[in-house]
Amino acid sequence: AEAEAEASVSAAEEQRQKSEAAAAAAQEKAQAKAEVQAQAKAEAQAQAEAKHQAEVEEARRKAKEEAEAEEQKRRMAEDSEYRHRMEQRKQMDEMADSADDSFKQFMKEEDGEDQMGDADYEDSANALAGAIGWNRKEIETKADSAVKQLTQAIGGKKVVQSLQGMMAGIGR
């Protein structure tokens with residue numbers, strides 16, 4: 001009976017060792033499975049993070065491209081506006097210059113102006129000045145000055161530019 005009891009204890013011990021070995025194997029298998037799952041989860045998180053980073057970088061790149069496009073549009077609009085203003089200024093200057101030209105044209109067309117230097121005209125003008133007692137050079141200088149001032153006041157460059165400035169202000 002003792003041999004049977006010892007065999008029974010030995011069988012129970014062997015059974016217990018087998019159970020412990022099976023439990024240890026099961027525990028190792030469960031631990032390995034948990035490690036594989038944790039590794040898979042970590043890889044999935046890393047992939048998700050990489051995908052998110054790529055999306056963020058793409059959004060930044062698109063925003064930068066849009067900002068550059070807007071800046072380019074703004075520069076083009078400014079350049080266009082500048083060219084337009086320069087063209088308007090050029091036209092206004094040409095108009096104002098033509099006002100100065102109108103004075104010069106008037107002086108050319110003034111009676112006797114085209115005959116200055118002609119001997120007959122000079123003799124006649126000097127005789128008239130002597131007869132009425134006027135200083136011819138002084139009279140002609142004052143007349144030219146008065147005509148110039150009048151034409152400049154009516155159509156001079158400064159007046160034309162002032163009017164253009166006022167009209168530009170009205171158009172806005």
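What counts, and at which threshold
- Residues numbered from 1 in each chain as written.
- Predicted model: local features only at pLDDT ≥ 70, side-chain atom pairs only at ≥ 80, totals over all residues.
- Heavy atoms only, no water.
- Helix = DSSP H or I, 4+ residues; strand = E, 2+ residues; numbered from the N terminus.
- Buried < 20%, exposed > 50% of the residue type's maximum accessible area, 1.4 Å probe, protein only.
- Contact = heavy atoms within 4.5 Å.
- Areas by Shrake-Rupley, 256 points an atom, 1.4 Å probe, with all protein chains shown as cover.
- Expected span 1.5 Å × (residues − 1).
- Patch = residues over 30% accessible without salt bridge, like charges linked within 9 Å, V, L, I, M, F, W, Y side chains within 5 Å.
- Salt bridge = Lys/Arg side-chain N within 4 Å of Asp/Glu carboxyl O.
- Polar contact = N/O pair within 3.5 Å; in protein donor to acceptor, adjacent residues only side chain to side chain.

> Which residues make up the overall build of the protein, and what values do they have?
Helix and strand content of the protein: 4 helices and 0 strands. Starting at the N terminus and walking to the C terminus, you meet the elements of the protein as α-α-α-α. A burial count over the protein gives 8% of its 172 residues as buried. Partitioning the contacts of the protein with sequence separation of at least 6, the portion at a separation of at least 24 is 67%. Entry remark: accessible area of the protein is about 14400 Å², with carbon and sulfur atoms responsible for 54%.

> Describe helix α2 (residues 119–132), naming the residues involved and giving the relevant values.
Between its first and last C-alpha, α2 extends 20 Å over 14 residues, near the 20 Å set by a 1.5 Å rise per residue. Two residues or fewer after α2 comes G133, characterised by a positive phi angle close to 80 degrees.

> Account for a nonpolar patch on the surface, with residues named and values stated.
A cluster of nonpolar side chains, contributed by L128, I132, W134 and I139, occupies part of the molecular surface with about 420 Å² of accessible area. Turning to its location among the elements, I132 is positioned in helix α2. Residue I132 is classed as partly exposed on the basis of its relative accessible area, which comes to 43%.

> Can you explain the pattern of salt bridges? Please cite residues and give values.
For side chains of opposite charge, pairing can occur when their charged atoms come near one another. According to the stated counting rule, one finds 14 salt bridges in the structure shown. Here E20 and R16 are joined by a salt bridge, their closest N and O atoms 2.5 Å apart. Taken together, the positions of E20 and R16, both in helix α1 (residues 2–109) and 4 residues apart, correspond to about one turn of that helix. With relative accessibility at 45%, the residue E20 sits in the partly exposed group. Residue R16 is classed as partly exposed on the basis of its relative accessible area of 38%. The closest approach of N and O atoms between E70 and K73, which form a salt bridge, is 3.7 Å. Of the two residues, E70 and K73 both sit in helix α1, 3 residues apart, roughly one turn of that helix.

> Please give an account of the side chain of R136 that cites residues and values.
Relative to the elements of secondary structure, R136 occurs in helix α3 (residues 136–155). Within polar-contact distance, the side chain of R136 engages the side chain of E122 at 2.6 Å.

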